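# A structural walkthrough
So you can see what is in the structure, the chains are spelled out below.
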Amino acid sequence: TDKSDGLYVHNLDGTVRQFFPDGPMNNVDVRSGFVVDGKPMVLVAAAERDRFGVMTWLMDPDTLEVRRWGFISTSMGEPYGFCMGRRGDAFYVVPNNKDGVIHQIRVTAGPDGPVGVVERSMQLGSQTEGCVVDDAADQLYVGEEDVGVWRFDFDPAAAATPTQIYAVDGVRLTDDTEGMSIMRDGADKYLIVSSQGDSTYPVWRVTGTGAETAYAYVGRFAIVDGKATSGADIDGVTHTDGLDAWSGP
């Protein structure tokens, strides 16, 4: 996302495939298998900070072409952070705002575009932004910028009670707590968080399930200036907002 202009779609070599000038966007996320007119599509969505809602697009998995789909209004004022989640056949967008309000909004395909229904509202004490849903574990992680990382049960029928995973301590995790990602590496699972205040990425190994989920701090890293195998310069990364991670083919 370009925070002032819209959504870019890139090839992994960095070249631009498409650009949608759809307004000021913050975080973006995707989920595959979203059926529209009988065809499984990739649902792409981002928080839109001008009209106070969520903008959506659809990517055809056969052609990789993306098309604009529609807008979902929210009732929380300006949505700030954002992520998506899936529970079986149910797809959700999860915007949050600077007052710590988090909405779990189920998205379905209507005759004229997306339809969003708030199934649950959650609350933290101050400004939130980064979040990620672990679909397999049915858990939502949210970063409260100056406080730390929290976990919610992602079942909309469950109590909206947060569990603190890690508090900002100025050593392993520095405010602002920003983007976060779940990375699976073989049988192992990791939570990676952007510690924006010192431009590092602390990592926790995640084990167990449900209320017994445990987090073992592994370490942290920074992304510094370097060289590609071609010899080209690669910029380091500082003050990261959004974050995603992947391990595998």
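As a starting point, this report considers the structure included with it. Note that the structure is a prediction, hence the values are computed from the model and not measured.

### Focus: the sheet that holds strand 4 (residues 39-48)
Sheets are built from strands paired through backbone hydrogen bonds, the pairs being either parallel or antiparallel. Reading across from one edge, 3-4-5-6 is the order of the four strands in this open sheet, with antiparallel pairing throughout. Looking at which strands have only one partner, the edges of the open sheet turn out to be strand 3 (25-36) and strand 6 (66-73). Here the strands of the sheet are splayed against their neighbours by 25 degrees on average, with no regard to which way each runs. Summarising the sheet, strand 3 and strand 4 pair through eight bridges and their orientation is antiparallel. Looking at strand 4, one finds that D29 is bridged to A45.

### Considerations on the packing of aromatic side chains
Summed over all chains, the structure comprises nine aromatic pairs. Ring plane angle 80 degrees and centroid distance 5.5 Å describe the contact between Y92 and F154, whose orientation is recorded as edge-to-face. Taken as a pair, Y92 in strand 8 (residues 90-95) and F154 in the loop between strand 13 (148-153) and strand 14 (163-167) lie far apart in primary sequence, 62 residues in all. Side by side, Y92 and F154 carry an identical accessibility label, which is buried. The rings of F34, W69 and F91 are connected pair by pair, giving a single aromatic cluster. Over the aromatic face of F71 sits the side chain of R51, whose NZ or CZ is 4.1 Å from the ring centroid.

### What about the pattern of salt bridges?
For the structure on display, the rule yields 15 salt bridges. The shortest N-O distance in the salt bridge between E48 and R51 comes to 3.1 Å. Residue classification places E48 among the buried residues on the basis of a relative accessible area of 2%. Several salt bridges converge on common partners, so that one network encompasses D29, R31 and D135.

### Quick look at the layout of surface pockets
Quantified by volume, the largest pocket comes out at close to 1700 Å³. Lining the largest pocket are 46 residues, and of these V28, D29, V30, L243 and D244 lie nearest its centre. Counting only elements with at least two residues in the lining of the largest pocket, the list comes to strand 1 (7-10), strand 3, strand 4, strand 7 (82-87), strand 11 (128-134) and strand 15 (177-185). If you tally residues by element for the lining of the largest pocket, the top one is strand 3, at seven residues. Partitioning the lining of the largest pocket into residue classes produces 23 nonpolar, twelve polar and eleven charged. Size it by volume and the second largest pocket reaches roughly 160 Å³. Of the residues assigned to the lining of the second largest pocket, the class counts are seven nonpolar, two polar and one charged.

Rules used in this analysis
- Residues numbered from 1 in each chain as written.
- Predicted model: local features only at pLDDT ≥ 70, side-chain atom pairs only at ≥ 80, totals over all residues.
- Heavy atoms only, no water.
- Pairing = 2+ DSSP bridges.
- Helix = DSSP H or I, 4+ residues; strand = E, 2+ residues; numbered from the N terminus.
- Axes fitted to C-alpha atoms, helices over the stretch in contact; angles between N-to-C directions.
- Phe/Tyr/Trp six-rings, centres within 6.5 Å; stacked < 30°, edge-to-face > 60°.
- Buried < 20%, exposed > 50% of the residue type's maximum accessible area, 1.4 Å probe, protein only.
- Lys NZ or Arg CZ within 6 Å of the ring centre and 35° of its normal.
- Salt bridge = Lys/Arg side-chain N within 4 Å of Asp/Glu carboxyl O.
- 1 Å grid on protein atoms, 1.4 Å probe; cavity = no way out; pocket = protein on both sides within 12 Å on 5 of 7 lines; lining within 4 Å.
- Points joined across faces, edges and corners; volume = space filled by probe spheres on them.
- Nonpolar A, V, L, I, M, F, W, Y, C, P; charged D, E, K, R; others polar.

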